[in-house]
Amino acid sequence: MFVIWKNCKNCKSRVGNNPGFFSFFFSVFIFKFISSVAKSDSINLFRVSDFNIYENSLIFMNINNDKIFSYLDLDTKELVKFGAKGRAENEFIQASGKFLMYDSSLVVNDFGRRILYSIPIEKILLKQSEWTEVLKYPYSRDFRPRDFIITDYHNIGIGSFANGMLGIIDKQDNITDITIPYPLEDNKIDGIFKGAIYQTLIRKQPSGNKFILSILSSDIFEIFDSSESGITSIFKSADGNVPVLKERPGNVVNYAIDYKNSIAGYTDIFATDDYIYMGYSNLSYEEYASNGTIREIHCYDWQ
């Protein structure tokens with residue numbers, strides 16, 4: 001992996017002593033290259049769909065394994081696996097490929113039940129199952145969330161929506177009328193189909209209510225703040241490389257991303273309370289998919 005540090009906004013003076021950068025680099029290194037990390041067990045990291053840092057531990061999500069999650073203590077190398085598949089209580093019918101940390105708990109979407117569950121880290125370490133239902137979300141023709149982040153004021157979904165780029169649910173479990181438009185000038189694709197074509201990555205400020213949303217196959221992103229008064233855009237990336245479309249005549253959606261002629265762009269996001277670290281590649285998405293090389297790490301602050 002070839003990494004170049006790129007300074008953006010207010011990171012420059014903090015590069016040398018910024019622990020978040022090293023956490024990001026270390027995590028990506030583990031994520032990409034190590035196949036066995038525990039004394040008595042192993043994690044197949046090449047099947048990991050997501051990971052997060054919690055204090056001095058790493059939590060991996062392996063949706064193809066019998067146990068979906070692996071918790072690794074970096075000091076003791078103790079490994080705890082949890083989250084079985086099934087239809088019984090405290091089992092996943094179909095966990096989504098991402099999860100988040102919120103209020104010292106792991107939060108994951110069971111797509112099969114249309115429910116967000118919260119699992120306290122403390123209970124995981126005690127090898128106890130204690131799941132709490134955070135949100136039983138609606139799913140319809142015009143509202144199709146794939147994953148969520150949680151702030152103190154909103155449950156924010158990415159996916160496909162009739163109006164805008166995000167599906168936003170308030171704390172009373174009602175779909176709001178807040179509309180976040182796509183930062184793309186595209187009149188070819190309407191409504192619900194935009195979310196199916198323009199896939200997104202989302203990460204939240206761990207202890208705050210800000211979040212970043214980027215569009216795959218591009219270098220376009222936007223930073224938002226969730227508050228009692230709504231959701232506000234606080235920073236937009238400069239005009240850059242947008243996803244290139246190709247025609248697919250005769251399909252339900254007549255367009256798709258042209259991965260050969262679109263850049264990979266931002267492929268990974270890691271966030272601390274102070275900074276956002278984004279893995280970037282200027283290769284075409286097709287080239288990137290063949291080797292997975294992150295060419296640069298770009299740094300932004302939340303301000």
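Computed from a prediction, not measured in an experiment: that's the story for all the values here.

Trainee: Help me understand the overall build of the protein in this model?
Mentor: Counting its secondary structure elements, the protein contains 4 helices and 21 strands. Each of the 303 residues in the protein was classed as buried or not, and the buried ones make up 51%. The contacts in the protein between residues at least 6 apart in sequence include a share of 45% that link residues at least 24 apart. Accessible surface for the protein amounts to roughly 14800 Å². Of this, 45% is attributable to carbon and sulfur atoms.

Trainee: Would you mind going over the environment of Y277 with me for this structure?
Mentor: Along the chain, Y277 falls in strand 20 (residues 275–284). Classification of Y277 by relative accessible area gives buried; the value is 0%. C-alpha separation for the pair Y277 and Y266, spaced 11 residues apart in sequence, amounts to 10.0 Å.

Trainee: Quick question: what am I supposed to make of the sheet that holds strand 11 (residues 154–161) here?
Mentor: Within a beta sheet, neighbouring strands are joined by backbone hydrogen bonds and run either parallel or antiparallel to one another. As summarised here, the arrangement of the 3 strands in space is 10-11-12, forming an open sheet in which the pairing is antiparallel. Of all the strands in the sheet, the pair left with one neighbour each is strand 10 (143–150) and strand 12 (166–170). Recorded for the sheet is a direction-independent mean angle of 35° between the axes of neighbouring strands. Here strand 10 pairs with strand 11 via 7 bridges, running antiparallel. Bridging across to strand 11, I150 finds its partner in N155.

Trainee: Help me understand the sheet that holds strand 16 (residues 230–236), please; the structure alone is not making it clear to me.
Mentor: Strands sit in the order 13-14-15-16 across an open sheet of 4 strands; the sheet is antiparallel. Here the strands that pair on one side only, and so sit at the sheet edges, are strand 13 (200–204) and strand 16. The sheet shows a mean angle of 25° between the axes of neighbouring strands, taken without regard to direction. Pairing of strand 13 with strand 14 (residues 210–215) involves 5 bridges; the strand directions are antiparallel. Looking across to strand 14, one finds that L201 is bridged to S214.

Trainee: Looking at this structure, I do not really get the nonpolar core. What am I missing?
Mentor: A general trend in soluble globular proteins is that nonpolar side chains are found buried together. With 33 residues, the main nonpolar core has I156, L166, Y198, I202 and F211 as its most contacted residues. For this core, the elements supplying multiple residues, two or more each, are strand 10, strand 11, strand 12, strand 14 and strand 18 (255–257). Looking at which element gives the most residues to this core, the answer is strand 10, with 4 residues. Once you skip the residues sitting within four places of it in the chain, Y198 turns out to touch Y182, L184, D186, I189, I215, P243, L245 and I257. Counting 20 residues, the second largest nonpolar core, distinct from the first, contains I59, F92, A95 and W131.

Trainee: Quick question: what am I supposed to make of the environment of G167 here?
Mentor: Looking at the secondary structure, you find G167 in strand 12. Since its relative accessible area comes to 1%, G167 is described here as buried. Sequence-wise, G167 and I180 are 13 residues apart; in three dimensions their C-alpha atoms are separated by 8.8 Å. The residues touching G167, leaving out its near neighbours within four places in the chain, are F143, N155, I156, G157 and F161.

Trainee: Is there a simple way to think about the pattern of salt bridges in this case?
Mentor: Opposite charge on two side chains permits pairing when their charged atoms draw close. In this structure the tally under the stated criterion is 3 salt bridges. In this structure, D50 and R203 form a salt bridge, with 2.8 Å as the shortest nitrogen-oxygen distance. Here D50, found in strand 2 (residues 50–54), pairs with R203, found in strand 13; they are 153 residues apart in sequence, far enough to count as distant. You can call R203 buried: its relative accessible area is 18%.

Thresholds, definitions, all that
Residues numbered from 1 in each chain as written. Predicted model: local features only at pLDDT ≥ 70, side-chain atom pairs only at ≥ 80, totals over all residues. Heavy atoms only, no water. Helix = DSSP H or I, 4+ residues; strand = E, 2+ residues; numbered from the N terminus. Buried < 20%, exposed > 50% of the residue type's maximum accessible area, 1.4 Å probe, protein only. Contact = heavy atoms within 4.5 Å. Areas by Shrake-Rupley, 256 points an atom, 1.4 Å probe, with all protein chains shown as cover. Pairing = 2+ DSSP bridges. Axes fitted to C-alpha atoms, helices over the stretch in contact; angles between N-to-C directions. Core = buried A, V, L, I, M, F, W, Y, C linked by side-chain atoms within 4.5 Å. Salt bridge = Lys/Arg side-chain N within 4 Å of Asp/Glu carboxyl O.

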